[in-house]
Amino acid sequence: MQRIGFLLYPGFQIMSLAAVSAFEFTNIDFEEKAYDIHYLSEHGGSIANSLGMVMETEAFGDPALDTLIVAGAPGVRLPSAAEADFIRAALPATRRLASICTGAFFLAEAGILDGRRATTHWYVSRQLQSRYPKIKMEEDRIFIIDGSVWTSAGMTAGLDLALAMVEKDHGFEVARAISRKLVVYHRRAGGQSQFSALLELEPKSDRIQKALAYARSNLKSALPVEELAEAAHLSLRQFSRAFRAETGQSPAKAVENLRLEAARLMMEQGRHPIDVVARETGFGDHERMRRAFLRAFGQPPQAIRRTALQQRQM
């Protein structure tokens, strides 16, 4: 039986507890309890979550758990000295140390994420990277495993992370069965871009909106920045400056994100050959598209198609 500790604190986001369901249903399926769940806090006793609901916790003790998972907060919150010390002590003492959503700030403040690949909610990912520049941030991932350290994106991504832990512990079929009972995807295709990247590209001015609309309609074209500037009726210098100011991205990066989103949807929803998808979305050849998918989603196009097909058959 594996001891799972959830590190909680006053005001923690209640959605963080969604991850517990993966362990709960695994226990239900097994004749003997597979996971022993403990809710931990600095002082123990009653604490209220983000909705004011009170739950009982145990005070920090021996950090030698199998897995320690740090809950997220509605906004950015940093750990107390005692919380940071407990997390640092847990790194060598646990098999897995994880964070859900903004819980990544706890791991980062404790120095756990220095030099590691990590993710968090897209809304605060740049803030995390700016505050802790030694982190190798990957904004668009649902969750990331770097050695014994696991980090996940937004609150619901904590459930993806927990299901991946169940799969690691008990195999593919068990995790797939649990996901079916929870009526969630076993493995979500794509990354946070499907929820956030295009939203981030919503600019304020009509001219930049026009350039993006033009790009979306002409993904097969090369779409050099000069062509986008012309669509916006701006000089090259004015366009480049305004585009970055309004979207936070360079025109080239925004175009690649648009291509990625279109290509991902084609891979998930259709049966077009990869060369056709690459051509239709402007990547030109499948190798260039494969490299872009690996950077953005951590998976090649074929894996995303295979996952989408498995999910449709559930």
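Residues numbered from 1 in each chain as written. Predicted model: local features only at pLDDT ≥ 70, side-chain atom pairs only at ≥ 80, totals over all residues. Heavy atoms only, no water.

A few points about the packing of aromatic side chains
Taken as a whole, this structure holds nine aromatic pairs when the rule is applied. Ring centres 6.4 Å apart and planes at 70 degrees place the aromatic pair Phe6 and Phe23 in the edge-to-face group. Within this pair, whereas Phe6 is found in strand β1 (residues 2–7), its partner Phe23 is found in helix α1 (residues 20–29), the two being separated by 17 residues in sequence. Of the two residues examined, Phe6 and Phe23, each falls in the buried class. Look at Tyr9 and Phe106: their rings are 4.8 Å apart centre to centre, the planes differ by 20 degrees, and that puts the pair in the stacked class. Placement of Tyr9 in the loop between β1 and α1 and of Phe106 in helix α3 (residues 104–109) is noted, with a sequence separation of 97 residues between them. Both residues of the pair, Tyr9 and Phe106, count as buried. (Phe/Tyr/Trp six-rings, centres within 6.5 Å; stacked < 30°, edge-to-face > 60°. Helix = DSSP H or I, 4+ residues; strand = E, 2+ residues; numbered from the N terminus. Buried < 20%, exposed > 50% of the residue type's maximum accessible area, 1.4 Å probe, protein only.)

Regarding the packing of helix α5 (residues 157–170) against helix α6 (residues 172–182)
The packing of two helices is summarised by the inter-axis angle and the distance between the axes. Relative orientation of the contacting elements α5 and α6 amounts to 145 degrees, with a least axis distance of 7 Å. Residues Leu159, Leu163, Val166, Glu167 and His170 of α5 pack against Phe172, Val174, Ala175, Ile178, Ser179 and Leu182 of α6. Looking at the contact of α5 with α6 residue by residue, the classes come out as eight nonpolar, two polar and one charged. (Axes fitted to C-alpha atoms, helices over the stretch in contact; angles between N-to-C directions. Contact = heavy atoms within 4.5 Å. Nonpolar A, V, L, I, M, F, W, Y, C, P; charged D, E, K, R; others polar.)

Re the environment of Ala164
Structurally, Ala164 is set in helix α5. As for Ala164 and Arg176, which are separated by 12 residues in sequence, their C-alpha atoms are 9.8 Å apart. For Ala164, the residues in contact, after removing those within four places along its chain, are Phe143 and Trp150.

Concerning helix α10 (residues 236–247)
Its 12 residues give α10 an end-to-end C-alpha distance of 16 Å, which sits within 8% of 16 Å, the value for a rise of 1.5 Å per residue. Burial in α10 covers these residues: Phe239, Phe243 and Thr247. One side of α10 carries all its buried residues, which in axial view fall inside an arc of 25 degrees. Facing away from the buried side of α10, by more than 90 degrees, are the exposed residues Arg237, Arg241 and Ala245. Backbone geometry just downstream of α10 places Gly248 in the positive-phi region, at approximately 75 degrees. (Expected span 1.5 Å × (residues − 1). Arc of directions from axis to C-beta.)

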